[in-house]
Amino acid sequence: MKIAIYGQYYQNSTEPIIKDIFVFFNRNNIELVIESNFLVMLHDKEIVQREYNTFSSHTELDSSFDMLVSIGGDGTILRAATLVRDSGVPILGINAGRLGFLATVQKENIAAFLQIVIDKKYTLSKRTLLSLSCTPPNQALQDINFAMNEISVSRKDTTSMITIDTYLNGEFLNSYWADGLIISTPTGSTGYSLSCGGPILTPDVRSLVITPIAPHNLNARPLVIPDETEIELRVSGREENYLVSLDSRITSVGNESILTIKKTPFKINMVEIPDETFLKTLRSKLLWGEDKRN
């Protein structure tokens, strides 16, 4: 079995998790290939001593890998997705962060969960992604032009709201007067969109969510649309530029630009461990059932 390792370091609390993972895989003779920057950090902090083969680009992840293990929080998984891309390599998220919906494996009983992995008793949850194109072309959006959680537009260098003219499959939907607009996948529905009042979608729903950020027109509400819809955004405001974010990657775009958003032709495979399902994660993270009346 060949596994890629990618991670982020969260002070000393992460060290026991990383050590447990490496001890387990080495004990079971699993071939490990470590993301180069992560391995440098592990050596610097003396968390691991031995040398490993490394990778540093998405071009090095191919079908020879059984899985990529992401150590960190949900943000780490979103960055891992930019390495996996359309290779089909499944991602297993081990939660070393705080509130996470994607990194479902908790630090307790890591060995038991990893045993399930090497026994291949897991399932795959296929996650929809969004792609973005810009007219005229924007260099910052050329290489990594996709997002697993959401694509959003927001105001820049001003406290004034922006106007986002929105079209669905070429038909005008609405002009949102707001601080911004979020186009979310089902995976991202528990992220930024949720904090702005959007609905929660289960990962297998074939839908997207359009959620305004602090809309001035108070009758503007989150809208669920089919994921085959092509979305076109035209943004205007008092400043010459506005911000576009693809998950955690942000760039500045000019007012005259036209953004086209649609579903990517590929999906990300997330590893789902038995008894660590999306619904269980919802109950745990949102404290459903914790009311004393239950």
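The structure we're discussing is the one just above.
Residues numbered from 1 in each chain as written. Predicted model: local features only at pLDDT ≥ 70, side-chain atom pairs only at ≥ 80, totals over all residues. Heavy atoms only, no water.

## Focus: the overall build of the chain
Tallying secondary structure elements over the chain gives 6 helices and 19 strands in all. Relative to the compact-globule value of 19 Å for 294 residues, the chain shows a C-alpha radius of gyration of 20 Å, a close match. For the C-alpha atoms alone, the extent of the chain along its principal axes is close to 60 × 55 × 35 Å. Expressed as a percentage of its 294 residues, the buried residues of the chain come to 50%. Within the chain, residue pairs in contact and separated by at least 24 positions form 67% of the contacts whose partners lie at least 6 positions apart. Of the roughly 14,200 Å² of accessible surface on the chain, 47% is carried by carbon and sulfur atoms. One finds the centroid of the 28 positive side-chain charges in the chain at a distance of 5 Å from the centroid of its 34 negative side-chain charges. (Helix = DSSP H or I, 4+ residues; strand = E, 2+ residues; numbered from the N terminus. Rg over C-alpha atoms; globule rule 2.2 N^0.38 Å. Buried < 20%, exposed > 50% of the residue type's maximum accessible area, 1.4 Å probe, protein only. Contact = heavy atoms within 4.5 Å. Areas by Shrake-Rupley, 256 points an atom, 1.4 Å probe, with all protein chains shown as cover. Lys, Arg positive; Asp, Glu negative; His and termini not counted. Charge placed at Lys NZ, Arg CZ, Asp CG, Glu CD.)

## What to know about the pattern of salt bridges
Summed over all chains, the structure comprises 7 salt bridges. Of the charged contacts, one joins D143 and R85 as a salt bridge, the two residues approaching to 3.4 Å between their closest N and O atoms. Of the two residues, D143 is situated in the loop between strand 7 (130-135) and strand 8 (146-147) and R85 in the loop between helix 3 (74-84) and strand 5 (91-95); the sequence distance between them amounts to 58 residues. A salt bridge links D179 to R155, with the shortest nitrogen-to-oxygen separation between them at 2.9 Å. (Salt bridge = Lys/Arg side-chain N within 4 Å of Asp/Glu carboxyl O.)

## Thoughts on the pairing of strand 18 (residues 258-263)
Of the strand pairs in this sheet, strand 7 and strand 18 are connected by 6 bridges, and their pairing is antiparallel. Paired with S131 across the two strands is K262, which belongs to strand 18. As paired strands, strand 15 (residues 231-236) and strand 18 are joined by 4 bridges and run antiparallel to one another. Bridge pairing in strand 18 places I231 opposite I261. (Pairing = 2+ DSSP bridges.)

## Structural notes on the side chain of T229
Structurally, the position occupied by T229 is in the loop between strand 14 (223-226) and strand 15. Among the residues examined, T229 registers a relative accessible area of 7% and is labelled buried. Within the structure, T229 has its side chain in polar contact with the backbone oxygen of P226 (distance 2.8 Å). Those residues in contact with T229 that lie beyond four places of it in its chain are L168, N169, I261 and K262. (Polar contact = N/O pair within 3.5 Å; in protein donor to acceptor, adjacent residues only side chain to side chain.)

## Quick look at the environment of I200
When you line up the elements, I200 lands in the loop between helix 5 (192-195) and strand 13 (207-213). Between the alpha carbons of I200 and L282 there is a distance of 9.6 Å; along the sequence they are 82 residues apart.

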